[in-house]
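# Chains, contacts and geometry: an overview
Letter by letter, the chains look like this.
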Amino acid sequence: MSSDDHSQAFHTANDHVNNGRLNDALAIFVKLQESDLDTFGKSMACVNAAIVCDKLGQVDQALDWYDRGIKLERTLGRYFVAQHKINYCVEKSRHDDALAIITALVDSDISDLDKANACLNAATVCDKLGQQGKALDWYDRGIKYEFPHHRYYVAEHKAVYLAGKGRTKESLRIYDRLSREPSLTESDKDRIRKNISLLQK
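Residues numbered from 1 in each chain as written. Predicted model: local features only at pLDDT ≥ 70, side-chain atom pairs only at ≥ 80, totals over all residues. Heavy atoms only, no water.

In this section: the overall build of the chain. Within the chain, the secondary structure is distributed over eleven helices and zero strands. For the C-alpha atoms alone, the extent of the chain along its principal axes is close to 60 × 30 × 30 Å. Here the chain holds 201 residues, and the buried ones make up 42% of them. For the chain, the share of sequence-separated contacts (at least 6 apart) that also reach a separation of at least 24 residues comes to 49%. As presented, the chain carries roughly 11000 Å² of accessible surface, and 47% of it is formed by carbon and sulfur atoms. When the 29 basic and 30 acidic side-chain charges of the chain are each reduced to a single mean position, those positions are 7 Å apart. (Helix = DSSP H or I, 4+ residues; strand = E, 2+ residues; numbered from the N terminus. Buried < 20%, exposed > 50% of the residue type's maximum accessible area, 1.4 Å probe, protein only. Contact = heavy atoms within 4.5 Å. Areas by Shrake-Rupley, 256 points an atom, 1.4 Å probe, with all protein chains shown as cover. Lys, Arg positive; Asp, Glu negative; His and termini not counted. Charge placed at Lys NZ, Arg CZ, Asp CG, Glu CD.)

Of note, the phi angle at Ser93 is positive, near 60 degrees, even though the residue is not glycine. The class of Ser93 is partly exposed, set by a relative accessible area of 49%. If you check the backbone angles, His150 has positive phi at about 55 degrees while not being a glycine. Locating His150 in the fold gives a position in the loop between helix 8 (132-146) and helix 9 (153-164).

This brings us to the confidence of the model for the chain. Averaged over every residue, the pLDDT of the chain is 93; the share at 70 or more is 99%. Helix 1 (residues 3-18) is the least confidently modelled element of the chain, averaging 89 in pLDDT, while helix 8 averages 97, the highest of any element. (pLDDT = per-residue confidence, 0-100.)

This part is about helix 2 (residues 22-33). With twelve residues, helix 2 extends 17 Å between its outermost C-alpha atoms, agreeing within 8% with the 16 Å of an ideal straight helix rising 1.5 Å per residue. Regarding helix 2, the residues found buried are Leu22, Ala25, Leu26, Ile28, Phe29, Leu32 and Gln33. One face of helix 2 carries all of its buried residues, which in axial projection span an arc of 155 degrees. In helix 2, the exposed positions angled more than 90 degrees off the buried face are occupied by Asn23 and Lys31. (Expected span 1.5 Å × (residues − 1). Arc of directions from axis to C-beta.)

The residue Arg167 is located in the loop between helix 9 and helix 10 (168-179) in this model. Sequence separation between Arg167 and Gln132 is 35 residues; the distance between their C-alpha atoms is 12 Å. Non-local contacts of Arg167, meaning those with residues more than four positions away in its chain, are made with Gln132, Leu136 and Leu162. At 2.9 Å, the side chain of Arg167 and the side chain of Gln132 are in polar contact. Among the polar contacts made by the side chain of Arg167, one reaches the side chain of Glu170 at a distance of 2.7 Å. (Polar contact = N/O pair within 3.5 Å; in protein donor to acceptor, adjacent residues only side chain to side chain.)

Below, the discussion takes up the nonpolar core. Residues Phe29, Leu32, Trp65, Ile102, Val106, Trp138 and Tyr139 are the most contacted members of the largest nonpolar core, which totals 63 residues. Beyond its immediate chain neighbours, meaning those up to four positions away, Trp138 contacts Leu99, Ile102, Thr103, Val106, Cys119, Ala122, Ala123 and Cys126. (Core = buried A, V, L, I, M, F, W, Y, C linked by side-chain atoms within 4.5 Å.)

The following block contains the structure:
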């Protein structure tokens, strides 16, 4: 198949999905796996197949397709499919599966900022499981990854999390420390000051 044929196959499959012909769409994605489509294209076909399986109510099959895509993308040093699977597992309350993928991601060679975001996802999952201590550990791990890059996204989320748990003093300590970071933009400073003011009421 030529690259134009591959593009047409994806287009046709998407048209099938849009018109409710899910099994026809899935058949195309299966066929693409057996074609001479490149590895990246096959990994994207896996994501699409997983989405179709979910629409068909086939959660286990969707997870299998994500796993196939993850195996393909690892040969390219990519983690796009893995991140999709994390979101899917969280959506389906497959929290243990989500944590397993997140842990593997954090131990991989993805960027520090991607690791920080993965840690934030793990903290969210642990909180859903009622594991507050582990959630805080994941927040702290994420903060260690983002701080050297002068990013404070995870830190702010931790402050919000603590405030939501009634741990106002700990939340304020984080906000106070962040407010003194010289790399903050003026809008960041304004947002943090407003949060401090709200917590001090």
